[in-house]
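# Summary of structural features
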Amino acid sequence: MIGSPAWWVGQALAFLARFLNDLTQRRRAEAALRDLGAATQRADSLREAERQEQQARTAGAATADAPDDPRDLRD
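In this report, we go over the structure that sits alongside the text. Note that the coordinates shown come from a computational prediction; the quantities given were computed from them, not determined experimentally. (Residues numbered from 1 in each chain as written. Predicted model: local features only at pLDDT ≥ 70, side-chain atom pairs only at ≥ 80, totals over all residues. Heavy atoms only, no water.)

## So, the pattern of salt bridges
Definition in use: Throughout this description, the term salt bridge denotes a Lys or Arg side-chain nitrogen within 4 Å of a carboxyl oxygen of Asp or Glu. Helix numbering and strand numbering both begin at the N terminus, where a helix is a DSSP run of H or I of at least 4 residues and a strand a DSSP run of E of at least 2. Exposure categories follow from relative accessible area, calculated using a 1.4 Å probe and restricted to protein chains: below 20% of the type maximum is buried, above 50% is exposed, and the middle band is partly exposed.
The final tally for this structure, using the stated rule, is three salt bridges. In this structure, the salt-bridge partner of Arg51 is Glu48, at a minimum N-O distance of 2.4 Å. With Arg51 and Glu48 both in helix H1 (residues 5-65), this residue pair falls three residues apart, about one helical turn. A relative accessible area of 33% means that Glu48 is categorised as partly exposed. Of the charged contacts, one joins Glu53 and Arg57 as a salt bridge, the two residues approaching to 3.4 Å between their closest N and O atoms.

## Section: the environment of Gln54
Position of Gln54 among the secondary structure elements: in helix H1. For the pair formed by Gln54 and Pro67, sequence separation is 13 residues and the distance between their alpha carbons is 22 Å.

## So, a nonpolar patch on the surface
Cut-off, in case you're wondering: Each patch is built from residues lacking any salt bridge and having more than 30% relative accessible area; the joining distance is 9 Å for like charges and 5 Å for nonpolar side chains (Val, Leu, Ile, Met, Phe, Trp, Tyr). Areas reported here follow the Shrake-Rupley algorithm with a probe of radius 1.4 Å; residue values treat only the protein chains shown as occluding.
On the surface, a nonpolar cluster with roughly 590 Å² of combined accessible area is contributed by Val9, Leu13, Phe15, Leu16, Phe19 and Leu20. In this structure, Leu20 sits in helix H1.

Functional significance is not addressed by these values, which are geometric in nature.
Okay, here's the thing in structure tokens:
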């Protein structure tokens with residue numbers, strides 16, 4: 001059985017099929033992780049931008065509510 005060429009060909013084909021399946025699964029997993037990383041980065045960036053905008057609005061409102069400084073030489 002092990003000595004027959006058909007057995008070796010079958011084993012070689014099974015190894016090749018297993019190798020190609022593992023390779024495609026690995027590529028799919030890498031793509032999924034890359035997409036997940038991009039989505040996480042996008043969500044973090046949006047959250048940070050919203051936080052900065054809120055800080056700018058708060059600072060703008062505080063400046064608008066503050067009394068005028070007579071030492072300010074700007075018009």
